[in-house]
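Tertiary structure, described
Listed below, chain by chain, are the residues.
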Amino acid sequence: DGTGLPLNYSKSWSKVLPTLDVHYKIQPGWVAYLQVAEGFLAPKLQLWKVQNPALSDFSPESTMNYQVGTTWQSDRLSLSADAYYIDFNNFAQTYGTGAQAYVKNFGGTVFKGLEAQATVYVGDGFSVFGNGSVNSAKDKQNHQQITNAPESTAAGGVIYNRNGWYASVIDKYIGLQYGASNTDRIGAYAIADATLGYTLKGDDAPNWLQSARVNLQVHNLFDKHSITALFGQAGNSAQTNLYWTMPGRSYFLTLSAHI
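To start, this report covers the structure provided alongside it.

Thresholds, definitions, all that
Residues numbered from 1 in each chain as written. Predicted model: local features only at pLDDT ≥ 70, side-chain atom pairs only at ≥ 80, totals over all residues. Heavy atoms only, no water. Helix = DSSP H or I, 4+ residues; strand = E, 2+ residues; numbered from the N terminus. Buried < 20%, exposed > 50% of the residue type's maximum accessible area, 1.4 Å probe, protein only. Contact = heavy atoms within 4.5 Å. Areas by Shrake-Rupley, 256 points an atom, 1.4 Å probe, with all protein chains shown as cover. Pairing = 2+ DSSP bridges. Polar contact = N/O pair within 3.5 Å; in protein donor to acceptor, adjacent residues only side chain to side chain. Phe/Tyr/Trp six-rings, centres within 6.5 Å; stacked < 30°, edge-to-face > 60°. Patch = residues over 30% accessible without salt bridge, like charges linked within 9 Å, V, L, I, M, F, W, Y side chains within 5 Å. Salt bridge = Lys/Arg side-chain N within 4 Å of Asp/Glu carboxyl O.

**Describing the overall build of the protein chain**
Summing up its helical and strand segments, the protein chain has zero helices and 15 strands in all. Going through the 259 residues of the protein chain one by one, you find that 27% of them count as buried. Of the contacts made within the protein chain by residues no fewer than 6 positions apart, 53% connect residues no fewer than 24 positions apart. Accessible surface, the protein chain as shown: approximately 16300 Å² in total, 57% of it carbon and sulfur.

**Comments concerning the pairing of strand β12 (residues 213-219)**
One ladder, built from six bridges, connects strand β11 (residues 189-199) with β12; its direction is antiparallel. For Y198, the partnering residue across the bridge sits in β12 and is V214. Sheet topology places β12 next to strand β15 (residues 250-256); seven bridges connect them, and they run antiparallel. Looking at β15, one finds that R213 is bridged to S256.

**Concerning the environment of G108**
Here G108 is to be found in strand β5 (residues 102-123). Judged by relative accessible area, which is 3%, G108 ranks as buried. Separated by 19 residues in the primary sequence, G108 and N89 place their C-alpha atoms 4.2 Å from one another. Ignoring anything within four residues of it in the chain, the contact list for G108 reads F88, N89, D139, K140 and Q141.

**Observations regarding the side chain of Q177**
As for its position among the elements, Q177 is in strand β9 (residues 177-178). Looking at Q177, the relative accessible area reads 3%, which means it is buried. Within the structure, Q177 has its side chain in polar contact with the backbone oxygen of T228 (distance 2.9 Å). Contact partners of Q177, with chain neighbours within four places excluded, come to N148, A149, P150, D184, R185, I186, Y189 and T228.

**Digging into the packing of aromatic side chains**
Ring pairs (aromatic) are described by centroid distance and by the angle formed between their planes. Applying the stated criterion across every chain, the model contains four aromatic pairs. With a centroid separation of 6.3 Å and 55 degrees between ring planes, the pair formed by Y66 and Y85 is classed as tilted. Of this pair, Y66 sits in strand β3 (residues 61-73) while Y85 sits in strand β4 (residues 77-95), and the two are 19 residues apart along the sequence. Take Y66: its relative accessible area is 37%, and that puts it in the partly exposed class. Residue Y85 is classed as partly exposed on the basis of its relative accessible area, which comes to 35%.

**Looking at the pairing of strand β8 (residues 165-174)**
Relative to β8, strand β7 (residues 152-162) is paired through ten bridges, and the arrangement is antiparallel. Its bridge partner lying in β8, G156 is registered against D171. Between β7 and β8, which pair antiparallel in sequence order, lie two residues; one of them, N163, sits at a positive phi of approximately 55 degrees. Looking at chain direction, β8 and β11 are connected through ten bridges and run antiparallel.

**Here we look at unusual backbone geometry**
With phi around 55 degrees, N148 is a residue other than glycine that occupies positive phi space. Looking at where N148 falls in the secondary structure, it is placed in the loop between β6 (126-139) and β7. Of note, D223 is a non-glycine position whose phi angle comes to about 55 degrees, a positive value. As for its position among the elements, D223 is in the loop between β12 and β13 (227-233).

**Describing the side chain of T109**
Mapping T109 onto the fold places it in strand β5. Residue classification places T109 among the buried positions, given a relative accessible area of 7%. Once residues within four sequence positions are removed from consideration, T109 is found in contact with I86, D87, F88, A137, K138, D139, K140 and I146.

**A look at the environment of G164**
Its place among the elements puts G164 in the loop between β7 and β8. On a C-alpha basis, the gap between G164 and L200 in space is 6.5 Å, while along the polypeptide they are 36 residues apart. Excluding anything up to four places from it in sequence, G164 contacts G197, Y198 and T199.

**Some words on a nonpolar patch on the surface**
Taken together, the side chains of W165, L196, V214, L216, Y251, L253 and L255 present a nonpolar region at the surface, about 740 Å² in accessible area. Elements with a minimum of two residues in the nonpolar patch: β12 and β15. Position of V214 among the secondary structure elements: in strand β12.

Treat this as a map of the structure, not an account of what it does.
What follows is the structure in structure tokens.
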């Protein structure tokens, strides 16, 4: 809480979370589904880090989630599409400063959108895939797009998986989003990742080293440094916006084995 003094307080919540999941087989390989579920998120510990937690009085964040979609799959092609609607309530926010800081429920947000994905097996171990979504995340009070919620996303790439070898190049796209207000636009950006791996099988390895795997990943293949999200605002009189940027290219080498 910033005071350095002992602090003793407790809060508890409980909630029943019903779920409905319905699937209908239209024909072999083609399925439609409907999902309805209630969600619950207990407040983060950081929300209680105020000098007088007793001033805070708020309910846990909760959601009502609805999704309807369909999937279709054959030997060489898989397709899926869905629509979702999420009613998000009791958004917790900190008010005031210093000893007078406290937490109250701000209100709610409606998340909704459409998603689709397709994967095609080309042959000789190669597959091509792509997915995309259009999204809306607007608060219930002013009906404005909330912070750090992209209006669209997409991804696409090529995957190779054959004879123990695995390789992929995948490009991910994040659409327009907003920072502190609907006039603070954060432009769209894309980031590419590459992976190359090999798994020892059969005669390639002794029995005690079966399924040993070496994997090299390259994150941010083209070393971009785009702004990706709003971090917050500086505590100066101008309330200067602070942003996260994309970290530079990085490499990860993984070695694993079942002994």
